[in-house]
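# Residue-level structure breakdown
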Amino acid sequence: MQSSAQAIVSLRSLALASVAIGGASWLALAATPASAQQQLAYAGIDATGSEEVATDSGDTDDTRSSRKAARARNGGRGNQGGHSARGVGSGVRTRVQPYLELTQNLLAQLKPGNDVVTYTAIAAGVEVALDGRRTQGAVSVRYERRFSEKGRYGSGDTISGLARVKHDLVPRTLSIEAGGFAGRTRLEAGGGASLGALANSDSVSQVWSVYAGPNLSTHVGQVAVGANYGVGYTQVQSPRRQLSVPGLAATDLFNHSVSQSATVSAGVRPRVIGPVGLTASAGWAQEDITNLDQRVREYRAGLQATLPISLELALVGDLGWNEVTVSSRDALRNADGSAVIGSDGRYVTDKSKPRQLAYQTRGLTWDVGVMWRPSRRTSLSAFVGRRYDSTTYYGSFSYAPNERSNLGISVYDGISGFGSSLNNAVKQLPTDFETTRNPFSGDINGCANGSSGGGCVNGALGSLSSSVFRGRGVNATYAHRIGRMQAGIGAGYARRKFIGAAGTVLAVANGTVDENYYVSAGLSGPIDRRSSFSVGAYDSWYKNGRSTLADVNSYGVTGSYSRELAERLHGTAAVGLQGISRKATPDELVLTGLVGLHYSF
């Protein structure tokens, strides 16, 4: 999860940073120990044990930094088109920019054949930015309809977008948050997937994911009390065709799931009842996956202690109890014992058979770590512990030396399904994120940056397998403004160890490990008063744990140019080269180009 690099200088913010582990399990309480949730117990309390002083306006350092950085990104010129408004009494600054696009597209296949595809696309979208004392968020949504003209690229439509919004119902006490993701991924043999990479064939899946929930943080005397609840839903549509390689059974494609989590905590700051701060917490989380009725359920309770060493440094220890179970049903069987596959290409669940246990662990857990925050621009949290019957590591680092640049790194570990993993990746994006899009597919690129940090969803989208897994990995983002140009890069590694019950069709995946490596970079800015440019590149590697023949490398580079033709009307042109390298099936390489018009209301 991704924390702010410019949060209030307090131990509470440091504790929040400790749960900032991008792409972590949806099991927010269990994947990150209770010691990492002290934003609930230490709301409004710094490392010295003194109360924070609120400003008259109610603005936090995060909010003020976000506004200042936003003005800087706009070159101090304010809104560039769109509609801006401020809600009466709410302090919300809203910027809404709807737009229409009309493009003529060309896709020239260089490998393995020489097919040429042309099509016309009409798109409508909206970019929304919310920046106020009680509401922060960003929404980017786009609908595109394609009309095929030549070649085998059929007509179709898609919705892509990213959103994260947080609103304080009661300032500093009760808030509600919601977000979502929509996009197209190309599905490879073995379950590997890539976002925006050659999403122009029959092996493309539409992915949807949304989440919402309230958060409570208050005090009862000197006791800080916190609670939260979250619910999420994720769906993956079946592609028209699923690729395969010799000797490897087709992957059971994730269908949809509902995930829920709830936590509660109560604690006191250091020096209230002793030299250390103490927090007791408990939580529950569950994900129900329709594929073979898979279920992940987790309970957690613990007591954590925080010892301030100085104004900048604190030691944290946690001792708790944890129970995790993963279960599922088997597939319906034919007379010859083979599994029945439905019309959507997924296994048909045998509802008549009892649920079978795939994984269970129960017992004591512990974590120890350090939280360091020498200034509001720098924070570090690092933890090591024991859970899931093995050693676990997690933490985060954020650094924003000035308003022109920020760096964020996060390490995570947790058990989940695909749906909750994607939900959690979206939750870790900053509320003032700015998206970039592939000019040809219209999909968002995998990483987004804000004024105080960034995040990526690439790791969560690396595999569309339905199986539950233990996910470990690292994400890193860096953004830097060079004059009036903006540069950004995101990279990461994701490792999934799948869990399947013995005696079921999922047993073949049990214990296998898939890995993803990815990097995405971009540079954009003005050329003169009427024109601008944008260039981007990405590369991702997927390694299948069951067969090296399913390993895939997806890559691409794009460049675009935009020029103002009239007020609110821009002409656009773009070129790109995108490819996929495989071991068992032919490589693909496509040269792309487009010209079009973009009108902002």
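Residues numbered from 1 in each chain as written. Predicted model: local features only at pLDDT ≥ 70, side-chain atom pairs only at ≥ 80, totals over all residues. Heavy atoms only, no water.

Broken down by element type, the protein carries four helices and 26 strands. For the protein, with 601 residues in total, the buried portion stands at 54%. Excluding contacts between residues fewer than 6 apart, the proportion of contacts in the protein whose partners are at least 24 apart in sequence is 65%. Looking at the protein as shown, the accessible area adds up to about 23,700 Å², and 59% of this sits on carbon and sulfur atoms. (Helix = DSSP H or I, 4+ residues; strand = E, 2+ residues; numbered from the N terminus. Buried < 20%, exposed > 50% of the residue type's maximum accessible area, 1.4 Å probe, protein only. Contact = heavy atoms within 4.5 Å. Areas by Shrake-Rupley, 256 points an atom, 1.4 Å probe, with all protein chains shown as cover.)

Another aspect to go through is the side chain of Asn544. Positionally, Asn544 belongs in the loop between strand E23 (531-543) and strand E24 (552-566). By relative accessible area, which is 8% here, Asn544 ends up buried. A polar side-chain atom of Asn544 sits 3.0 Å from the main-chain amide nitrogen of Ser547. Residue contacts for Asn544: discarding those within four places in its chain leaves Gly190, Leu248, Val513, Asp514, Ala550 and Asp551. (Polar contact = N/O pair within 3.5 Å; in protein donor to acceptor, adjacent residues only side chain to side chain.)

Counted according to the given criterion, the structure contains 23 salt bridges. For the salt bridge of Arg186 with Glu188, the shortest nitrogen-to-oxygen distance reads 3.2 Å. The shortest N-O distance in the salt bridge between Arg186 and Glu588 comes to 2.8 Å. Taken as a pair, Arg186 in strand E6 (residues 174-187) and Glu588 in strand E26 (residues 588-600) lie far apart in primary sequence, 402 residues in all. One exposure class covers both Arg186 and Glu588, and it is buried. Taken together, the shared-partner salt bridges connect Glu101, Arg142, Glu144 and Arg146 into one network. (Salt bridge = Lys/Arg side-chain N within 4 Å of Asp/Glu carboxyl O.)

The subject of this paragraph is the pairing of E23. Pairing geometry for strand E22 (residues 513-526) and E23, over twelve bridges, is antiparallel. Following the sheet pairing, Gly525 is matched in E23 by Phe533. Between E22 and E23, which pair antiparallel and follow one another directly, the connecting turn spans four residues. (Pairing = 2+ DSSP bridges.)

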